[in-house]
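# Report on the structure
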Amino acid sequence: MNPQFLASMCVNRSIFEAIEPALKDLDPITAAVLSAISEYYKRDGSAMFVDLDVLQALVTAGMPNIKHQNEARSIIECIRDLVPVVSTANVAAVVREWKKNQLGSSIAAKLASSNHGEVTELMEQYLNAVDSVELDREPELEEILEHLVNPKNALPIGPKKFNEMLDGGAHPENHIGIFGRSNAGKSLFAIDVHCRLARLGKRGIYFENEDNTNSTRLRFYSNLSGMTKHEIAERPGVAKKKAFAAGYDNVRVQALTPGSVGEIRQAIKKWKPEFIVVNQVRNIHVGGVSGMVEKLERVASSMRNVAKHEGITSFSVTQAGDSATNKRVLDQSDIDNSKTGFPGQLDVLIGVGVDSDLEQRNKRCLSLPKNKLGGDTGDCIVSINKHLSKIEDE
């Protein structure tokens, strides 16, 4: 069975309801996976997609044979890899392909049995399936301006002087890249961006597969409460009250180990954020790639698709190479293992640079090697507070 069908049925309940009744003669393991998908939707009538971790538990729970369990896990891992690319358009394409295959088989069977009475009608259905194309509604100019120009709909990034270089900030479906050397402050910048948006009431998920997840949560508490970790330890109740008053309830720090784009999409569907941050995309699991260069491009492409499909803003964090050591202004060539593939999938690329002088003065240089939002590819010096994981407004 085409694994795209299974992935499509996990992503979209309507696809499951359209395809499942006609599926027959499946091998026992695939049949068990399909049965578990069916059971999942039956148990929860409001579920529009399948949680793959729950699906795996449902499938393996009914399999006493270890070999069969491993085969089922392999199928579900294949589904995980396919889920990120099953966008609405891809799901529709899968259904059309399935319809064509089913109708083609029916036509062949009728012709072989000399039962030509229904062939004409089936051929008409087949041609409709082949020719069907779904077109998006053309938006009105006012809708375009509301989406891309209205400052109320922009997500500000960083302090005011930097955000002005981005023409007021990011918009839904934008994909933003953040890169820098280890300990340069890229996660500090990502956390600060996240906290600024949380203060504005914007819900976001911070996916963490690089640092200790609870350490990252503590950094969020420090930023939003204005208290260092030692001050928080002395007065946790005060810190919690301040953090939640500043918007911590709009923050979700989600661990990935190392995670897949499919898991990210599942979390988005559950929590419905307005933006996400992935720290770091280079750690995301991708099947069938030959090296880090291909991996980064594949992940970046998938994260761009996620942003477009879900209508959210996506921030992808990755490393800079040795060329960025002790360097203020970073450019595309400084990205580790991806000079063109990763930046090619972005609307904005933000470099976090530092040299010995900036380090001594607790400052960083934010550069814009790529900027589709404002067009300005300059740079900006900002002050940081390491103890609060915060960029200071000046």
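Everything that follows concerns the structure shown earlier in this document.
## Brief notes about the sheet that holds strand S9 (residues 390-391)
Strand order in the open sheet formed by nine strands is S3-S2-S4-S5-S1-S6-S7-S8-S9, and the pairing between neighbours is mixed. Single-partner strands in this sheet number two, and they are strand S3 (251-255) and S9. In the packing of helix H11 (residues 213-225) onto the sheet, contacts are made with strand S2 (204-208), S3 and S9, and the angle to S3 comes to roughly 165 degrees.

## Some thoughts on the packing of helix H1 (residues 3-11) against helix H3 (residues 28-43)
Where H1 meets H3, the axes come as close as 11 Å, and the angle between the chain directions of the two elements is 10 degrees. Between H1 and H3, the angle is such that the two are roughly parallel. Counting all contacts with H1, which are made through Leu6, Met9 and Cys10, the residues of H3 involved are Thr30, Val33, Leu34, Ile37 and Tyr41.

## A word on the state of the cysteines
Applying the stated criterion to the full structure yields zero disulfides. Looking at Cys365, it has no disulfide partner, and the nearest cysteine sulfur is the one in Cys380, 7.8 Å off. On the basis of relative accessibility, which here comes to 1%, the residue Cys365 falls in the buried class.

## What about the side chain of Asp334?
One can find Asp334 in the loop between strand S5 (313-319) and strand S6 (348-353). Of note is the side chain of Asp334, whose polar atom sits 2.5 Å from the side chain of Ser323.

## Comments concerning H1
Residue pairs spaced three or four apart in an α-helix point in one direction, given the helix's 3.6 residues per turn. The buried fraction of H1 amounts to seven of the nine residues, a majority that puts the element mostly inside the structure. Within H1 the residues assigned to the buried category are Phe5, Leu6, Ala7, Ser8, Met9, Cys10 and Val11.

## Description of the packing of aromatic side chains
Across all of its chains, the model carries seven aromatic pairs by this definition. Between Tyr221 and Tyr248, the ring centres sit 4.2 Å apart and the planes meet at 20 degrees, which makes this aromatic pair stacked. Placement of the pair is Tyr221 in helix H11 and Tyr248 in the loop between helix H13 (236-245) and S3, with a sequence separation of 27 residues. Taken together, the aromatic side chains of Phe16, Tyr40 and Tyr41 make up a single cluster linked through ring pairs. One Lys or Arg, Arg203, reaches over the ring of Trp271 and ends 4.0 Å from the middle of that ring. The cationic tip of Lys269 hangs over the ring face of Phe49; the distance from NZ or CZ to the ring centre is 5.7 Å.

## Let's talk about the layout of surface pockets
Here the largest pocket defines a volume of roughly 540 Å³. What lines the largest pocket is a set of 24 residues, and nearest its centre among them are Asn183, Ser187, Asp211, Arg219 and Ser389. Within the residue set of the lining of the largest pocket, elements represented by two or more residues are helix H10 (186-199), H11 and helix H12 (229-234). Top contributing element to the lining of the largest pocket by residue count: H11, with four residues. In terms of residue class, the lining of the largest pocket is made up of four nonpolar, 13 polar and seven charged.

## Digging into the pairing of S2
Most of S2 sits out of view: five of its five residues are buried. Alternating residues of S2 divide into Gly204, Tyr206 and Glu208 and Ile205 and Phe207, and every residue in both groups is buried. Pairing between S2 and S3: five bridges, direction parallel. Counterpart to Glu208 in the pairing with S3 is Ala255. Direction of pairing for S2 relative to strand S4 (residues 275-279): parallel, over a ladder of five bridges. Each bridged residue has a counterpart across the sheet, and for Glu208 the counterpart in S4 is Asn279.

## Points about the pattern of salt bridges
Applying the stated rule across the entire model yields 20 salt bridges. Residues Arg80 and Glu77 are paired through a salt bridge, measuring 3.0 Å at the closest nitrogen-oxygen approach. Here Glu77 and Arg80 lie together in helix H5 (residues 66-82), a separation of three residues that amounts to about one turn. When its relative accessible area of 7% is taken as the criterion, Arg80 is described as buried.

## Re the pairing of strand S1 (residues 175-180)
Of all six residues in S1, six are buried; the element is thus mostly enclosed. Of the two faces of S1, the one lined by His175, Gly177 and Phe179 and the one lined by Ile176, Ile178 and Gly180 are each fully buried. Bridge count between S1 and S5: six bridges; the pairing is parallel. Considered in S5, the bridge of Phe179 is made with Thr318. When S1 meets S6, the two strands line up parallel, connected through five bridges.

## A few points about the packing of H11 against H13
Two elements in contact, H11 and H13, have axes separated by 8 Å at closest approach and are oriented at 75 degrees. Taken together, the axes of H11 and H13 lie roughly perpendicular to each other. Two secondary-structure elements touch here, H11 through Tyr221, Leu224 and Ser225 and H13 through Ala239, Lys240, Lys242, Ala243 and Phe244. For the contact of H11 with H13, the residue count by class is five nonpolar, one polar and two charged.

Rules and cut-offs
- Residues numbered from 1 in each chain as written.
- Predicted model: local features only at pLDDT ≥ 70, side-chain atom pairs only at ≥ 80, totals over all residues.
- Heavy atoms only, no water.
- Pairing = 2+ DSSP bridges.
- Helix = DSSP H or I, 4+ residues; strand = E, 2+ residues; numbered from the N terminus.
- Contact = heavy atoms within 4.5 Å.
- Axes fitted to C-alpha atoms, helices over the stretch in contact; angles between N-to-C directions.
- Parallel < 35°, antiparallel > 145°, perpendicular 65-115°, else oblique.
- Disulfide = S-S within 2.5 Å.
- Buried < 20%, exposed > 50% of the residue type's maximum accessible area, 1.4 Å probe, protein only.
- Polar contact = N/O pair within 3.5 Å; in protein donor to acceptor, adjacent residues only side chain to side chain.
- Phe/Tyr/Trp six-rings, centres within 6.5 Å; stacked < 30°, edge-to-face > 60°.
- Lys NZ or Arg CZ within 6 Å of the ring centre and 35° of its normal.
- 1 Å grid on protein atoms, 1.4 Å probe; cavity = no way out; pocket = protein on both sides within 12 Å on 5 of 7 lines; lining within 4 Å.
- Points joined across faces, edges and corners; volume = space filled by probe spheres on them.
- Nonpolar A, V, L, I, M, F, W, Y, C, P; charged D, E, K, R; others polar.
- Salt bridge = Lys/Arg side-chain N within 4 Å of Asp/Glu carboxyl O.

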